[in-house]
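# Reading the structure
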Amino acid sequence: MGMGWTKRRGPLVCAVAAASLAVAVYARADYSVPAGPFARTAPCSDVVARLPETLMGRGRDDVDGAGAAGWGDRAVVLRCGVEPLAPTIDTCVNVNGFDWVLDDAGVERDGAWVFTTYGREPAVEVAFAGGSRPAGDALVALNDALGGLARKTRCLSTSDT
């Protein structure tokens, strides 16, 4: 009986190794997204679970990274759990009750449009790759997934001060 097992173990080990390799190859993410410091929280898990499968006509990517999602092969990348923004003079837009701050310097530097929620915790960052000008519809679609994030403050205009 011991001899029979020894003779079969080689092919069995090879078959298990081949199956494991096949699973590893097919389970690979398209790319990795660095996790924000608060990405592994329940609110971020809820946000990612509620995100749309398509955004701006682009399908959702398979990304590796806590609190992260992407669409259109990195055309749009979202990270939940980034550091909340301090008060800033960067452009702030209100999209259906959600304040989003545009990284003005980033647009000038590399053409990427990066918006971060303002006054919500945890904060969410959405990057639109250079050449992929953001559409207001995209932020509206993302707002639906962010509905559970508590509003702590809001952007103020000069007339508010």
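Relevant structure appears above.
Attention here is on the structure that accompanies the text. (Residues numbered from 1 in each chain as written. Predicted model: local features only at pLDDT ≥ 70, side-chain atom pairs only at ≥ 80, totals over all residues. Heavy atoms only, no water.)

Right, let's talk about the overall build of the protein chain for a bit. Helix and strand counts for the protein chain stand at four helices and 12 strands. Taken across its 161 residues, the protein chain has 34% of its residues classed as buried. Partitioning the contacts of the protein chain with sequence separation of at least 6, the portion at a separation of at least 24 is 58%. About 9,600 Å² of surface is accessible on the protein chain, with carbon and sulfur atoms providing 55% of the total. (Helix = DSSP H or I, 4+ residues; strand = E, 2+ residues; numbered from the N terminus. Buried < 20%, exposed > 50% of the residue type's maximum accessible area, 1.4 Å probe, protein only. Contact = heavy atoms within 4.5 Å. Areas by Shrake-Rupley, 256 points an atom, 1.4 Å probe, with all protein chains shown as cover.)

Summed over the entire model, instances satisfying the criterion amount to two aromatic pairs. Note on Trp-113 and Phe-115: the rings are 6.5 Å apart at their centroids and 25° apart in plane angle, and the pair reads as stacked. Judged by centre distance (6.2 Å) and plane angle (90°), the rings of Phe-115 and Phe-128 are edge-to-face. In this pair, Phe-115 is assigned in strand E9 (residues 113-117) and Phe-128 in strand E11 (residues 123-128), connecting sequence segments 13 residues apart. (Phe/Tyr/Trp six-rings, centres within 6.5 Å; stacked < 30°, edge-to-face > 60°.)

With that settled, consider the sheet that holds strand E8 (residues 98-102). What the six strands build is an open sheet, ordered E5-E6-E11-E9-E8-E7; its pairing is antiparallel. Every other strand in the sheet has two partners, leaving strand E5 (68-71) and strand E7 (92-95) as the edge strands with one partner each. Direction aside, the axes of adjacent strands within the sheet are offset by 25° on average. The pairing of E5 with strand E6 (residues 76-82) spans four bridges and is antiparallel. Residue pairing in the sheet places Gly-70 in a bridge with Val-77 of E6. Against the sheet, helix H4 (residues 136-146) makes contact with E5, E6, E7, E8, E9 and E11, and its axis sits at roughly 130° relative to E8, the strand it touches most. (Pairing = 2+ DSSP bridges. Axes fitted to C-alpha atoms, helices over the stretch in contact; angles between N-to-C directions.)

Inspection of the entire model under this criterion finds two salt bridges. The salt bridge partner of Arg-60 is Glu-53, with a shortest N-O separation of 3.8 Å. For Glu-53, a relative accessible area of 55% gives the class exposed. A salt bridge links Arg-79 to Glu-125; its shortest N-O distance comes to 3.0 Å. One end of the pair, Arg-79, is in strand E6; the other, Glu-125, is in strand E11, with 46 residues separating them in the sequence. When its relative accessible area of 19% is taken as the criterion, Arg-79 is described as buried. (Salt bridge = Lys/Arg side-chain N within 4 Å of Asp/Glu carboxyl O.)

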